[in-house]
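Observations on chain architecture
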Amino acid sequence: MKPTLFLLAAGMGSRYGGLKQLDGLGPNGETIMDYSIYDAIQAGFGKIVWVIRKDFEEQFRTQILSKYEGQVPCELCFQALDALPEGFKVPEGRVKPWGTNHAVLMGKDVIKEPFCVINCDDFYGRDAFMQIGKFLSGLKEGSKNEYAMVGFRCCNTLSENGSVARGVCAYNEKRHLTDVVERTEIMRIAEKGNAICFKDEQGEWQPLEENVPVSMNMWGFTPDYFEHSEAYFREFLSDPKNMENLKAEFFIPLMVNKLITEGTATCEVLDTTSKWFGVTYAADREATVERIQKLVDEGVYPNKLF
């Protein structure tokens, strides 16, 4: 079966025009999401699924899905604050969504094949989709507990306009992920010889290797991942501190770390030469437009995608 691309888009609001996810950055107003979908189709993905909020389904179908008609099968699923297991209810005062792995859980009924999860506002690049597409397509039918993540080389994921947050990954001799540590401030530091550094818990800058793999939230899973997530989400909600903290979130790395630590699953770290870019800062926009235009000029992408 061809793998499915699963885009996390529930964070997009109904105020469309002002959102960076829908900012037209390509020569014909293409969004970063359009380039991800184009790359996924080139890499052999057979279906696109978005998780969005129900309250802008009609607008999403009109403004987004319509452009892909005839290109690739598309489906929607919906994330809601009250989409909880039986026996649980939303704590009083909670307005924040439950996090990325809760969003992934919403795809259970529409995704029955290996799938890749991505953010809708990050430019991942063709090679990254080729790597994860090859991994997912190469799995034996019925495979379980064999996952992957694309490990971008840290030097290929920086912004020239400030620090970035990345999950710094460690792996074993089989390239199986052993740990992901979230570093909220990573950037080049002039005083350290322009080396890549992260700010530690004491506020000190510590060096990072140029090519250390970092997570850009590009994961490959098989459908059994939904069952693991359902079970662990119940545990998450059963912990009083997660219900008392109205901002506690059920993140993908939290789930993956649990599964690899207890030996339930493996997660292969895939190397890619792709260079990430996005609009982390307003000042990033101009450079992103220029980089996309350069890729079009080089023939990597057609002038008009869809």
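In short, a report on the structure. Note that this is a predicted model, so its numbers are computed, not measured.

The rules behind each value
- Residues numbered from 1 in each chain as written.
- Predicted model: local features only at pLDDT ≥ 70, side-chain atom pairs only at ≥ 80, totals over all residues.
- Heavy atoms only, no water.
- Helix = DSSP H or I, 4+ residues; strand = E, 2+ residues; numbered from the N terminus.
- Buried < 20%, exposed > 50% of the residue type's maximum accessible area, 1.4 Å probe, protein only.
- Polar contact = N/O pair within 3.5 Å; in protein donor to acceptor, adjacent residues only side chain to side chain.
- Contact = heavy atoms within 4.5 Å.
- Salt bridge = Lys/Arg side-chain N within 4 Å of Asp/Glu carboxyl O.

The phi dihedral of asparagine 145 is positive, around 65°, even though this residue is not glycine. Examined against the element boundaries, asparagine 145 turns out to sit in the loop between helix H4 (126–137) and strand E6 (146–153). On the accessibility criterion, asparagine 145 (22% relative accessible area) is partly exposed. Of note in this structure, asparagine 194 is not a glycine but carries a positive phi near 65°. Position of asparagine 194 relative to the elements: it lies in the loop between strand E8 (177–189) and strand E9 (195–199).

If you trace the backbone, glutamine 79 turns up in the loop between strand E3 (74–78) and helix H3 (100–105). A polar atom in the side chain of glutamine 79 sits 3.0 Å from the side chain of histidine 102. Not counting chain neighbours up to four residues away, the residues in contact with glutamine 79 comprise Ala10, Val51, Ile52, Arg53, Pro97, Trp98, Gly99, His102, Ala103 and Met106.

This brings us to the pattern of salt bridges. Scanning all chains against the criterion turns up 16 salt bridges. The network of salt bridges with common partners includes Lys47, Glu75 and Glu113.

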